[in-house]
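Coordinates in review
Residue strings, one per chain:
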Amino acid sequence: MTTAPLFNRIALIGFGLIGGSIARGARAQGLVGEIVTTARSGKTRARVAELGIVDRVVETNVEAVKDADLVILCIPVGACGPVAAEIAGHLKPGAIISDVGSVKGAVVKDMAPHLPGGVHFVPAHPVAGTEHSGPDSGFAELFINRWCILTPPEGTDPAATDRLRAFWAALGAKVEIMTPDHHDLVLAITSHLPHLIAYTIVGTADELAQVTESEVIKFSAGGFRDFTRIAASDPTMWRDVFLANKDAVLEMLGTFTEDLSKLTRAIRRGDGEALFDHFTRTRAIRRGIVETGQDSAAPDFGRPHANLKK
Ligand SMILES: NC(=O)c1ccc[n+]([C@@H]2O[C@H](COP(=O)([O-])OP(=O)(O)OC[C@H]3O[C@@H](n4cnc5c(N)ncnc54)[C@H](O)[C@@H]3O)[C@@H](O)[C@H]2O)c1
Ligand SMILES: O=C(O)C(=O)C[C@]1(C(=O)O)C=C[C@@H](O)C=C1
C-alpha cells in the first residue's frame, strides 16, 4: 500500500541498520519525495549507491541536510552533539530535526543547544533492531508493530510532533510520547542491562575456556546462544549508550545485583522453594509478554519511575 508523501525531502545522516531500514521502509511506503543520505567512506557510498534505495548519497552531512524537510540522525549517540553543531547553520527553516538514538536525555542535552530557533527538534527512538549493522543490514519491515518513542522538549510545536508521529506510524510503528528521563530509565532495564549482561557472560565464558583449556564456547548449548545473540551488536553504538545513560544504568544495575544476590543465597542455602517460586513467577511474566505481543522491549508506559523498583 502506498500513501501520499509526507515529506518532500528527507536527509538520513548515517546509513546503517536504522538509517537503511528507514530508507527502505519510506521508499516502500512512498512516504517521501526524495531521500538523501550520507556515508563517510567512499566504499560505503559506493555500496549505498549500488543498493539503489536512496536518490542521492553524499559525503558530507552539511550537503545532505540542504533543503531537507526532515533530517534524522541515524548515528551513534555520542556523535549526535558534534553532528548537530556541524549541520545547525545549514538546516532549512521550518525543518524537523530528529534522531533515533537509544538514549534520549544525553542526546537532547547535546543537540538542543546547537539548533537554531526556526527548526523543530523532535527526538525519537524506534525500539527495534538486530545485532547487525552497516548498509546491508536494514530492512523495510523492521519497525512494523514495534514501539517508537518520541521525546519532544517542552514547547515543541505539536504539529511537528504530529508529522513525525505520522511518519513513524506509516513505517508501521506504534508511537508513544514520554520524557527523556522516563525513556532512559525504562530502556536501562529493558534494553541496556540485557546487553551489558550478554556482553559480560560471553567474556566470562571465553575466559573460563582459556583458563580450563576446555571448549566452553564450542559446546555452548541453545540457552547460551539465545541469550547472547545481542552480544554480537556494534561496540561503538553500545559504548556510547552506556556512557550516555550512565546514571539510569547504574541504578538498574544496583537493583539487579541485589536480586542476583538473593538468588545466589538461595542456591548456596539449597533453598529450592525460593528458587522454584522465583522461576515460576518470572516464567509467567515472560510468557505474558509473549502472549500479549509485547516481546519488542515494550516499555511500561505511564508507570511512575519508582514502580520499576521492587
Ligand atoms: N542497532 C539497533 O538495534 C538500534 C535500535 C534502535 C536505535 N538504535 C540507534 O540508532 C543509531 C544508529 O545505530 P545503527 O544500529 O543504525 O548503527 P550502524 O553502525 O548500523 O550505523 C551507524 C552509521 O552511522 C555512521 N556514522 C557514525 N558517525 C557518524 C558521523 N559523525 N557522521 C555521519 N555518519 C556517522 C556510521 O558510519 C554508520 O554507517 C544509534 O544511535 C543507536 O543507538 C540502534
Ligand atoms: O533485538 C536486538 O538485537 C536489539 O538489541 C534491539 C534493541 C533492544 O534492546 O531491544 C537494541 C537497542 C535499541 O535501542 C532498540 C532495540
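Structure shown above.
All of these numbers come straight from a predicted model, not from anything done at the bench. Within every chain, residues take consecutive numbers counted from 1 along the sequence as written. Chains carry letters from A onward and ligands carry numbers from 1 onward, assigned in written order. Thresholds applied to this predicted model are a pLDDT of at least 70 for local features of residues and 80 or more for the giving and counting of side-chain atom pairs; totals over whole chains, interfaces and linings are not thresholded and use all residues. Neither water nor hydrogens contribute to the side-chain values; these are computed over all heavy atoms in the structure.

Here the focus is the pattern of salt bridges. Should a side-chain nitrogen of Lys or Arg be within 4 Å of a carboxyl oxygen of Asp or Glu, the pair is scored as a salt bridge. Within this structure, the stated rule accounts for 13 salt bridges. For Asp-240, the salt bridge is made with Arg-239, and the minimal N-O distance between the two is 3.0 Å. By sharing partners, the salt bridges in this structure join Arg-9, Glu-34 and Arg-56 into a single network.

Below, the discussion takes up the nonpolar core. Definition of nonpolar core: a set of buried residues of the types Ala, Val, Leu, Ile, Met, Phe, Trp, Tyr and Cys, connected through side-chain atoms within 4.5 Å. Think of it in three bands: with a 1.4 Å probe and only protein chains considered, a residue is buried below 20% of the maximum accessible area for its type, exposed above 50%, and partly exposed in between. Core analysis: the biggest nonpolar cluster contains 34 residues, and Ile-22, Phe-143, Phe-167 and Trp-168 have the highest contact counts within it. We count a stretch as a helix when DSSP gives it H or I for four or more residues in a row; a strand needs E for two or more, and each element gets its number in order from the N terminus. At the level of elements, β1 (7-13), α1 (17-29), β2 (32-38), β4 (70-73), β8 (147-150) and α6 (158-170) are the ones that each hand at least two residues to this core. Sort the elements by how many residues they give to this core and α1 lands first, with five residues. Sequence-distant contacts of Phe-143, defined by excluding residues within four places in its chain, comprise Ile-18, Ser-21, Ile-22, Pro-126, Ala-128, Trp-168, Leu-171, Gly-172 and Ala-173. Val-83, Leu-91, Val-119 and Phe-121 belong to the second largest nonpolar core, which has 23 residues in total. In what follows, residue pairs with any heavy atoms lying within 4.5 Å of each other are defined as contacts.

Here the focus is the packing of aromatic side chains. What counts as a ring pair is set by centres within 6.5 Å for rings of Phe, Tyr and Trp (its six-membered ring), and what kind of pair is set by the plane angle: stacked under 30 degrees, edge-to-face over 60, tilted for all other angles. Tallying each qualifying case throughout the model produces four aromatic pairs. With 4.9 Å between their ring centres and 90° between their planes, Phe-143 and Trp-168 make a pair best called edge-to-face. Of this pair, Phe-143 sits in the loop between β7 (124-126) and β8 while Trp-168 sits in helix α6, placing them 25 residues apart in sequence. The same class applies to Phe-143 as to Trp-168, namely buried.

What follows covers unusual backbone geometry. Of note, the phi angle at Asp-67 is positive, near 65°, even though the residue is not glycine. In this structure Asp-67 comes out as partly exposed when scored by relative accessible area, which is 41%. Located in the positive-phi region is Asn-145, a residue other than glycine, with phi close to 65°. Inspection of the secondary structure puts Asn-145 in the loop between β7 and β8. Residue classification places Asn-145 among the partly exposed positions, given a relative accessible area of 47%.

This part is about the sheet that holds strand β9 (residues 174-177). Reading across from one edge, β7-β8-β9 is the order of the three strands in this open sheet, with mixed pairing throughout. Across the chains shown, the open sheet's two edge strands, defined by having one partner strand only, are β7 and β9. Across the sheet, the mean angle separating the axes of adjacent strands is 20° when strand polarity is ignored. DSSP-based pairing: two strands are paired if at least 2 bridges between them are found. Relative to β9, β8 is paired through four bridges, and the arrangement is parallel. Following the sheet pairing, Trp-147 is matched in β9 by Lys-174. Note on geometry: axes are lines fitted to C-alpha atoms, helical ones only across the stretch in contact, with angles between N-to-C directions running from 0 to 180 degrees.

All right, on to the sheet that holds β1 then. Reading across from one edge, β3-β2-β1-β4-β5-β6 is the order of the six strands in this open sheet, with parallel pairing throughout. Here the strands that pair on one side only, and so sit at the sheet edges, are β3 (56-58) and β6 (120-121). Helix-sheet contacts for α1 involve β1, β2 and β4, and the interaxial angle to β2 is about 160°.

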